[in-house]
Structure formats: structure tokens, C-alpha cells
Amino acid sequence: MRLSTVILPIHRWSEGRQVWRRAEELGFHAAYTYDHLSWRSFREEPWFGSVPTLTAAATATERIRLGTLVTSPNFRHPVTLAKELITLDDVSGGRLTLGIGAGGVGFDATALGQEAWSARERADRFGEFVGLLDALLRDDAVTREGTYYSAVEARNIPGCVQVPRVPFYVAATGPRGLRLAAEYGQGWVTYGDPKGPAEVPVEQAPGVVARQVEKLAAACEAAGRDVGELEKVLLQGSTAEQPLESVDAFVDWAGTYREVGITELVVHWPVPDSVFAGDLAVFEKIATEGLAQLG
């Protein structure tokens, strides 16, 4: 099992540089950030762009993997995103992971002046988006006409450092998203119950994820893949569980999710006076000692 962190893009770089470096020093497998224009309770607070932040983080670190959790079609187009990703993969020396999802109905959904898409349209767009982005990151030149996204002789030379392309970690809980994870993903991401994760009783939360893992396995079988090929990533922070209260709490939580098949846990870097408030000293102790205590 691996342990990673999410560092929100809220810091001016004079401060943020130290946070990303510290994440590497603590031994996290990866440090991700959210790819939003603004987000929930942070909407009126500082919030920087994910790709420039990750590019800066790539120059400030040497070993830790970097990525998004998650990028969505809400304000992205595959052609321009692909160009940014091959650049970031190059700057990081092949340390980039792309977490990607269908998006929701938050601030990003209407920031460009469009009406919020229905759940069906989001799923339709996501499928087309992922397929085109996959081609753009694999091939030097791509022409494809889609219902929502097209490319005409789009060039991405020299391509990704990672071969055949940067890894996709597909966030999905429904059948269409899980099929995309099985077809295109090197990893799969969940945060728990999509219908109301904070309302699921703590004792029921692992069961929700266990059933999602079973559905992922079925989707992989249908696609002719071994589910063991995919990393199974749990993003902490959307349930009533409190694994960052103490090292013991973390060990219990991590052990439970290891049993249901999760291979990578992602915890939020503490942000004072926010939904992610926490004791930094405890957090750092979890980072350095937590997984070792699993045995």
C-alpha cells in the first residue's frame, strides 16, 4: 500500500515551494492537487492554477510523483490539455499522473458561461474526452471529429516521457465511468459513496468501497483486463471517518481499506481554519510511521 497527499493550490509560491518539498521529504509516494477554478468553501480564498502549480512543484522536487485529483472536461479541452500534460511530464522527468473524472455541478461547471450539463451529458462528454486525450498523448498527430471534442492535425511532438503516455487514474463509481477505467486506466479513484459520502455511517463506509472494487473488477473482466493491473486509490476527506486524528486511527483506517483492495491512500495536507484543519505534527508522524505500523 502507498500513501500520498493532496496539497490544495492555495499557497503563494514563496510558501508553497516549502510545502511540496516537505511532502517529498516525508516520503509520500505522490503529491496531487485539485484541478478546479475554485472549490467549495475556498471560493473566496486564494486558489491558483493546477498545471502551473504542478510545474513549479516539479522544479522544486526530484522524486515524488505529481498529479491532479482530478481534472475534468468542465473547463478543459483535450487538445490544449494534452499539450500542457506533455510539457509537465517533460519538466517533471516523467513523474506525472493524471487523475481524471467526469466533473460535477460545482463552480467549474458554469464558469465559462455554459449551462451545467446533465449527468448523462457529463458521462457522454467524459467518454469522448478520455478517448481523444488518450490518442493525443500517444500519437504525434491526431485528427478526430467528435460530438463534443474534435482535433484537426493536432501535434504533440515529442510526446510524453512516460511510454506510451502519462498514467490515467480514472475517478468513477458508475458503470460507464468504471468501463472507462477498465479500458484506459492505470489506476482508479474513489472517495466513497457518490450520493452523499458524508452521510454514510462510518461503519458502512468500507463496505461501500468494497462493492465499488467488485464492480471495477467486473468491468475489467468484461474489458479483458486483470483488475490487479490498476492502482485502486482512495481519496480521504469525503466521509465521516477521521483517520488523521492520530497514528492509531490512521493505522486502523488504512488496514481496513487494504483489506477491501485499496492500494493507494491519499490524505489532505492540513489547512488551518478549514474543512481540512488538522495537527501538522500528527500528520507528519502518520506520513513517516503510519504504513510501517500496518505490518
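For clarity, every value in this text was computed on a predicted model and none was experimentally measured.

Student: Teacher, can you tell me more about the overall build of the protein chain here?
Tutor: For the protein chain, the helix and strand inventory stands at 8 helices and 10 strands. Overall size of the protein chain, expressed as C-alpha extent along the three principal axes, is 55 × 45 × 35 Å. Counting across all 295 residues of the protein chain, residues that qualify as buried make up 52%. Restricting the contact set of the protein chain to residue pairs at least 6 apart, pairs at least 24 apart contribute 72%. Only carbon and sulfur atoms are counted for the fraction: they give 49% of the accessible area of the protein chain, which is about 13500 Å².

Student: Would you mind showing me how to read the environment of A292 here?
Tutor: Secondary-structure assignment places A292 in the segment after α8 (280–289). On the accessibility criterion, A292 (64% relative accessible area) is exposed. A sequence separation of 208 residues divides A292 from E84, and the C-alpha atoms of the two residues are 36 Å apart.

Student: What is the right way to read helix α6 (residues 205–222) from this model?
Tutor: Because an α-helix completes one turn every 3.6 residues, residues spaced three or four positions apart along the sequence face the same direction. The end-to-end C-alpha distance of α6 is 26 Å, a good match for the 26 Å that 18 residues give at a rise of 1.5 Å each. Of the positions making up α6, those classed as buried are A205, P206, V208, V209, A210, Q212, V213, L216, A219 and C220. Tucked inside the fold, the buried residues of α6 contact α5 (175–184), β8 (187–190), β9 (231–235) and α7 (247–259). G224 occupies a position one or two residues after α6 and carries a positive phi of about 75 degrees.

Student: So what exactly am I meant to see when it comes to the packing of aromatic side chains here?
Tutor: The geometry of two aromatic rings is summed up by the distance between their centres and the angle between their planes. This structure, assessed with the given rule, holds 12 aromatic pairs. With 6.4 Å between their ring centres and 55 degrees between their planes, F28 and W269 make a pair best called tilted. In this pair, F28 sits in the loop between α1 (13–25) and β2 (30–33) while W269 sits in the loop between β10 (264–268) and α8, placing the two residues 241 residues apart along the sequence. Centroid distance F250 to W253: 5.9 Å. Interplanar angle 50 degrees. Geometry classified as tilted. Taken together, the residues F250 and W253, both in helix α7 and 3 residues apart, mark about one turn of the helix. We note that F250, like W253, is buried.

Student: How should helix α3 (residues 78–91) be read in this particular structure?
Tutor: Under the 1.5 Å per step criterion, the end-to-end length of α3 is 20 Å for 14 residues, consistent within 8% with the ideal 20 Å. Looking at α3, one finds that the buried residues are P78, L81, A82, L85, I86, L88 and D89. Relative to the axis of α3, the buried residues are bounded by an arc of 165 degrees and lie together on one face. Exposed and oriented more than 90 degrees from the buried face of α3 are T80 and D90. Structurally, α3 contributes buried residues whose contacts are with α2 (50–60), β3 (65–71), β4 (96–100) and α4 (119–138). Of the residues trailing α3, G93 is marked for its positive phi of about 70 degrees.

Student: For this particular structure, what's the right way to read the nonpolar core?
Tutor: Across soluble globular proteins, nonpolar side chains have a tendency to be buried as a group. Core analysis: the largest hydrophobic core is formed by 71 residues, its most contacted members being F28, L133, L137, F168, W188, Y257 and L265. Residues in contact with L133, not counting those within four places in the same chain, are P78, L81, A82, L85, L98, I100 and F168. Of all hydrophobic cores here, the second largest spans 18 residues; its members include A30, Y32, L69 and V233.

Student: Help me understand the pairing of β9, please; the structure alone is not making it clear to me.
Tutor: In regular strands, side chains alternate between the two faces of the sheet. Of all 5 residues making up β9, 4 are buried, and the element is well covered by its neighbours. In the sheet, β8 pairs with β9 via 4 bridges, with the strands oriented parallel. In the sheet register, V189 faces β9, and the bridge partner there is V233. Two elements, β9 and β10, share 3 bridges in a ladder whose sense is parallel. Directly across from L235, in β10, lies its bridge partner V266. In the classification by handedness, the crossover that spans β9, the intervening α7 and the parallel β10 is right-handed.

The rules behind each value
- Residues numbered from 1 in each chain as written.
- Predicted model: local features only at pLDDT ≥ 70, side-chain atom pairs only at ≥ 80, totals over all residues.
- Heavy atoms only, no water.
- Helix = DSSP H or I, 4+ residues; strand = E, 2+ residues; numbered from the N terminus.
- Buried < 20%, exposed > 50% of the residue type's maximum accessible area, 1.4 Å probe, protein only.
- Contact = heavy atoms within 4.5 Å.
- Areas by Shrake-Rupley, 256 points an atom, 1.4 Å probe, with all protein chains shown as cover.
- Expected span 1.5 Å × (residues − 1).
- Phe/Tyr/Trp six-rings, centres within 6.5 Å; stacked < 30°, edge-to-face > 60°.
- Arc of directions from axis to C-beta.
- Core = buried A, V, L, I, M, F, W, Y, C linked by side-chain atoms within 4.5 Å.
- Pairing = 2+ DSSP bridges.
- Right-handed = clockwise from strand over helix to strand, strands pointing away.

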